[in-house]
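Chain residues, written in single-letter form:
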Amino acid sequence: NNLRDKIASAISGKRLLGLLPVVEQCLVLKPDQDDLVKLKNNLIAHEAQLDDRNQPIISQIQAYIQQQQFDAALEMLGTITPQQQTSATVELSQQAATEKTAKTVLEEAANRARVPITNTINMRLNFIPAGTFLMGSPANDYVRSSDEHQHQVTISKAFYIQTTEVTQGQWQ
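Chemist: It is not clear to me how the packing of helix α1 (residues 2–12) against helix α3 (residues 34–66) should be interpreted in this structure. Could you clarify?
Modeler: The axes of two packed helices give the description: the angle between them and the distance between them. One can describe the packing of α1 onto α3 by two numbers: an axis separation of 13 Å at closest approach and a directional angle of 45°. On the basis of the axis angle, α1 is oblique to α3. Crossing geometry of α1 relative to α3 is assigned as left-handed. Contacts between α1 and α3 involve Arg-4, Ile-7 and Ile-11 from the first element and Asp-35, Leu-36 and Leu-39 from the second. Grouping the constituent residues of the contact of α1 with α3 by class yields four nonpolar, no polar and two charged.

As structure tokens, this is what we get:
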């Protein structure tokens, strides 16, 4: 009875998003409710229509998620009005939010791992991340020598480097 009230309230308020699982749950409890079977079929057809209409957006959102551009995916999901949302778009929203959180957690863990480390023979090592930067003095630097040229350097693979020269004891 409580589920039926929830269904009636959702229908009267035209809040169809998330109604299908409630209808299905109600039908599990009592399968011979013809009005709910018809409502279920109508909700499935309605979601299919909305998914067809939203397909270009859904495809772009899936591409953003694949490329780990979670903010762009969530922003695009925000362009779908609540009345146009379906189970598929809600699932995509949850997936994008979950994967964004996971990526953030992994990046934070990686950043914590980049603190200087000291190995077993007391060598202090700093993390050098992969990336691209400009090396050398800019042309307008007043202490720049004539043999200096600013140039772009790319480090393709991150590594650790010792903070001081290798001592004879460390080498042996």
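Next comes the rest of the write-up.
Chemist: Looking at this structure, I do not really get α1. What am I missing?
Modeler: For an α-helix, 3.6 residues make a turn, and residues three or four places apart therefore share a direction. When α1 is considered as a whole, its buried residues turn out to be Leu-3, Ile-7 and Ala-10. End-on, the buried residues of α1 take up no more than an arc of 65°, which puts them together on one face. Pointing more than 90 degrees away from the buried face of α1 are the exposed residues Asn-2 and Ser-12. Buried residues belonging to α1 abut α2 (19–29) and α3. Two residues or fewer after α1 comes Lys-14, characterised by a positive phi angle close to 55°.

Chemist: Looking at this structure, how should I read unusual backbone geometry?
Modeler: In most cases, non-glycine residues show a negative phi, while peptide bonds are predominantly trans. At Lys-14, a residue that is not glycine, the phi angle is positive and equals roughly 55°. Locating Lys-14 in the fold gives a position in the loop between α1 and α2. Phi is positive for Asn-122, close to 65°, though the residue is something other than glycine. Note that Asn-122 resides in the loop between β1 (117–118) and β2 (124–128). Under the relative-accessibility criterion, Asn-122 is labelled exposed at 64%.

Chemist: I'm lost on the sheet that holds β1 in this one. Help?
Modeler: One open sheet holds the three strands; their spatial order is β1-β2-β5, and the pairing between them is antiparallel. Strands at the two margins of the open sheet, each flanked by one partner only, are β1 and β5 (159–162).

Chemist: What am I meant to see in the layout of surface pockets here?
Modeler: Any empty space left between the atoms is revealed when a probe the size of a water molecule rolls over them. When its volume is computed, the largest pocket comes out at roughly 190 Å³. Lys-14, Arg-15, Leu-16, Leu-17, Leu-43, His-46, Glu-47, Leu-50, Pro-82, Gln-83 and Gln-85 are the residues that line the largest pocket. Residue classes in the lining of the largest pocket are distributed as five nonpolar, three polar and three charged.

Chemist: Explanation requested: the nonpolar core in the structure shown.
Modeler: Membership of the largest hydrophobic core is limited to 12 residues, which are Leu-3, Ile-7, Ala-10, Leu-19, Leu-20, Val-22, Val-23, Cys-26, Leu-27, Leu-36, Leu-39 and Leu-43. Residue assignment for this core shows that the elements contributing at least two residues are α1, α2 and α3. Among all residues touching Leu-27, those that are not within four sequence positions of it are Gln-33, Leu-36, Val-37 and Lys-40. Ile-58, Ala-73, Ile-80 and Ala-96 belong to the second largest nonpolar core, which has nine residues in total.

Rules used in this analysis
Residues numbered from 1 in each chain as written. Predicted model: local features only at pLDDT ≥ 70, side-chain atom pairs only at ≥ 80, totals over all residues. Heavy atoms only, no water. Axes fitted to C-alpha atoms, helices over the stretch in contact; angles between N-to-C directions. Helix = DSSP H or I, 4+ residues; strand = E, 2+ residues; numbered from the N terminus. Parallel < 35°, antiparallel > 145°, perpendicular 65-115°, else oblique. Left-handed = near helix turned anticlockwise from the far one by under 90°. Contact = heavy atoms within 4.5 Å. Nonpolar A, V, L, I, M, F, W, Y, C, P; charged D, E, K, R; others polar. Buried < 20%, exposed > 50% of the residue type's maximum accessible area, 1.4 Å probe, protein only. Arc of directions from axis to C-beta. Pairing = 2+ DSSP bridges. 1 Å grid on protein atoms, 1.4 Å probe; cavity = no way out; pocket = protein on both sides within 12 Å on 5 of 7 lines; lining within 4 Å. Points joined across faces, edges and corners; volume = space filled by probe spheres on them. Core = buried A, V, L, I, M, F, W, Y, C linked by side-chain atoms within 4.5 Å.

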